[in-house]
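Here are the chains, one letter per residue:
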Amino acid sequence: MSYPTHRPRRLRRNVALRSLVRETRLTTASLIYPMFVCPGTKVRQEVSSMPGVYQQSVDQIMEEAREVESLGISGIILFGLPENKDPRGLSSLHAQGVVQRAIEAIRKAKLKLLVITDVCLCEYTDHGHCGIVEDGEVANDATLEILAQQAFSHARAGADIVAPSDMMDGRVAAIRKMLDANKFENIAILSYAAKYCSGFYGPFREAAQSAPQFGDRRSYQMDPANAREALKEVKLDLEEGADMVMVKPALAYLDVIRRVRDQFDVPVAAYNVSGEYSMVKAAAQNGWLDEKRVVLEILTGIQRAGADILLTYHAKDVARWLKP
Ligand code: PBG
């Protein structure tokens, strides 16, 4: 039986009906807001390719973190811009490092925000790669120890969740082992399990000053053409002890989000990355798109694809728009 018995338009007639039958509901609680911590005090430097996003010293991070919490956003993810870079990214381990100090300040202020830290070396190495370089190659196993140390130092500073984004094989196991050996068995791991080698990270590399100085990340980040391989990466990370997994970027990988959601019963996060943000901002600034409408449509789409958790630079705007 079809028309005229069936008229799908019956359920679209007014706001109340549409709201009643809506399948996907974006909520502020599922949002995570990324932030960039830099040295100094009173520093608040806008990232030119990401309007509304700033590199900030710890004092300024604190102010914005308070605002993020008051908006009802569940958490933040911190990226560090260290004072010094070296071949091994050792400044990422310092108890007085930028990220560690930011976490401590947030803990001291007793904010209820979840503090997630990005665990990687690219922001801290002078060559800008996500691991240690040996003979011109990013050396997998030599990198694991320093990643585990970094995760440990974030946990010690008070992080709730560590999120390795380096894409070295075996990092989840190395981090889990290190955390457990140091009585941090309750610190969760959100692994960037399916992280693609993407052009959409361009603006982030300006924000985090982390562009590779030679070569690219193709030997460790995934080939954009592969989806089955993403399922393998997720499976391995879960076996190694990941509590939650991430697909990144989001928009060009909605099919991957859906397949991960269907195949694994763990929380799935999606990272609506810098380039996805900048495209919308640029178009909106030119008056070519209705920013609010498009951002809500994009994030609803990512959630509809299967993401439970949305990491997005739009989080504060979305929280304001969703306020009843
Ligand atoms: C660090 C890292 C990157 C992003 C998150 N963690 C950049 C990269 O891999 O080059 C990208 C985030 C974004 O583009 O918003 N490894």
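Because the structure is a prediction, the values reported are computed rather than measured.

The rules behind each value
Residues numbered from 1 in each chain as written. Predicted model: local features only at pLDDT ≥ 70, side-chain atom pairs only at ≥ 80, totals over all residues. Heavy atoms only, no water. 1 Å grid on protein atoms, 1.4 Å probe; cavity = no way out; pocket = protein on both sides within 12 Å on 5 of 7 lines; lining within 4 Å. Points joined across faces, edges and corners; volume = space filled by probe spheres on them. Nonpolar A, V, L, I, M, F, W, Y, C, P; charged D, E, K, R; others polar. Phe/Tyr/Trp six-rings, centres within 6.5 Å; stacked < 30°, edge-to-face > 60°. Helix = DSSP H or I, 4+ residues; strand = E, 2+ residues; numbered from the N terminus. Buried < 20%, exposed > 50% of the residue type's maximum accessible area, 1.4 Å probe, protein only. Core = buried A, V, L, I, M, F, W, Y, C linked by side-chain atoms within 4.5 Å. Contact = heavy atoms within 4.5 Å. Near = heavy atom within 4 Å. Polar contact = N/O pair within 3.5 Å; in protein donor to acceptor, adjacent residues only side chain to side chain. Areas by Shrake-Rupley, 256 points an atom, 1.4 Å probe, with all protein chains shown as cover. Sits in = over half its atoms within 2 Å of the grid points. Patch = residues over 30% accessible without salt bridge, like charges linked within 9 Å, V, L, I, M, F, W, Y side chains within 5 Å. Salt bridge = Lys/Arg side-chain N within 4 Å of Asp/Glu carboxyl O.

**Student:** For this particular structure, what's the right way to read the layout of surface pockets?
**Tutor:** To find leftover empty space, one rolls a probe the size of a water molecule over the atoms. Volume-wise, the largest pocket comes out at about 170 Å³. As for the largest pocket, its lining consists of 13 residues, of which Glu83, His94, Gln96, Gly97 and Val98 are closest to the centre. Per-class residue counts for the lining of the largest pocket are five nonpolar, six polar and two charged.

**Student:** In this structure, what is going on with the packing of aromatic side chains? I would like to understand it.
**Tutor:** The geometry of two aromatic rings is summed up by the distance between their centres and the angle between their planes. In total, this model carries nine aromatic pairs according to the counting rule given. Between the aromatic rings of Tyr192 and Tyr271, the centroid separation amounts to 6.3 Å while the plane-to-plane angle is 40 degrees, which identifies the pairing as tilted. With a gap of 79 residues between them, Tyr192 in strand β9 (residues 188–195) and Tyr271 in strand β11 (residues 268–272) connect regions that are remote in the sequence. With a relative accessible area of 1%, Tyr192 lands in the buried category. Given the relative accessible area of 1%, Tyr271 is considered buried. Pairing Tyr196 with Tyr253 gives two aromatic rings, centres 4.1 Å apart and planes at 20 degrees, and the pair type is stacked. Taken together, the residues span a long stretch of sequence, with Tyr196 in the loop between β9 and α6 (202–207) and Tyr253 in the loop between β10 (244–248) and α8 (254–263) at a distance of 57 residues. Each of the two residues, Tyr196 as well as Tyr253, counts as buried.

**Student:** Looking at this model, I keep getting lost on the nonpolar core. Mind explaining?
**Tutor:** A general feature of soluble globular proteins is that nonpolar side chains tend to end up buried together. Core analysis: the biggest nonpolar cluster contains 84 residues, and Leu78, Val260 and Ile302 have the highest contact counts within it. Broken down by element, the residue count for this core peaks at eight residues, all from helix α4 (residues 140–157). In this structure, Ile302 is in contact with Ala250, Leu251, Leu254, Ile257, Ala270, Asn272, Ala307 and Leu310, ignoring residues within four places of it in sequence. Residues Val53, Ile77, Ile116 and Met246 belong to the second largest nonpolar core, which totals 28 residues.

**Student:** Got a minute to help me understand the site of the ligand in this structure?
**Tutor:** Around the ligand sit 20 residues in total, of which Lys195, Arg205, Lys248, Ser274 and Tyr313 are the nearest. In the environment of the ligand, an oxygen atom lies 3.0 Å from a nitrogen or oxygen atom belonging to the side chain of Arg217. Within the contact set of the ligand, a nitrogen atom lies 3.3 Å away from a side-chain nitrogen or oxygen of Lys248. Look at the ligand: alone it shows 400 Å² of surface, and the protein chains cover 100% of it. When atom positions are compared with the pocket grids, the ligand is found to occupy the largest cavity. Taken together, the elements giving at least two residues each to the shell around the ligand come down to β9 and α6.

**Student:** Just checking my understanding: could you explain the side chain of Lys316 for this structure?
**Tutor:** Summarising the element assignment, Lys316 is placed in helix α11 (residues 315–322). Beyond its immediate chain neighbours, meaning those up to four positions away, Lys316 contacts Tyr33, Glu64, Glu67, Val68, Leu71 and Ile73.

**Student:** Would you explain unusual backbone geometry in this entry?
**Tutor:** Across residues other than glycine, the phi torsion is negative in most instances, and most of the peptide bonds are trans. Here the bond from Tyr3 into Pro4 is cis, since omega is 10 degrees, no more than 30 degrees from zero. Mapped onto the fold, Pro4 is located in the segment before α1 (15–20). In the segment running from Lys248 into Pro249, the intervening peptide bond is cis, with an omega of -10 degrees. Here Pro249 lies in the loop between β10 and α8. Even without being glycine, Met167 reaches a positive phi, approximately 70 degrees.

**Student:** How should a nonpolar patch on the surface be read in this particular structure?
**Tutor:** A cluster of nonpolar side chains, namely Leu11, Leu20 and Val21, defines an oily patch on the protein surface of about 290 Å² accessible area. On the secondary structure map, Leu20 appears in helix α1. For Leu20, a relative accessible area of 64% translates into the label exposed.

**Student:** Is there a simple way to think about the side chain of Asn272 in this case?
**Tutor:** Positionally, Asn272 belongs in strand β11. A polar contact is formed between the side chain of Asn272 and the side chain of Thr312, at a distance of 2.8 Å. Sequence-distant contacts of Asn272, defined by excluding residues within four places in its chain, comprise Ala250, Ile298, Leu299, Ile302, Leu311, Thr312, Tyr313 and His314.

**Student:** Mind showing me how you'd approach the pattern of salt bridges here?
**Tutor:** Two side chains carrying opposite charge are able to pair once their charged atoms lie near each other. Following the criterion strictly, the structure yields 15 salt bridges and no others. The partner of Asp180 in a salt bridge is Arg176, with the nearest N and O atoms 3.0 Å apart. Remark: Arg176 and Asp180 occur in helix α5 (residues 171–181); sequence separation between them is four residues, near one turn of the helix. Classification of Asp180 as partly exposed rests on a relative accessible area of 37%. Measuring nitrogen to oxygen at the nearest pair gives 2.8 Å for the salt bridge that ties Lys281 to Glu291. Of the two residues, Lys281 sits in helix α9 (residues 274–285) while Glu291 sits in helix α10 (residues 291–305), which places them 10 residues apart along the sequence.

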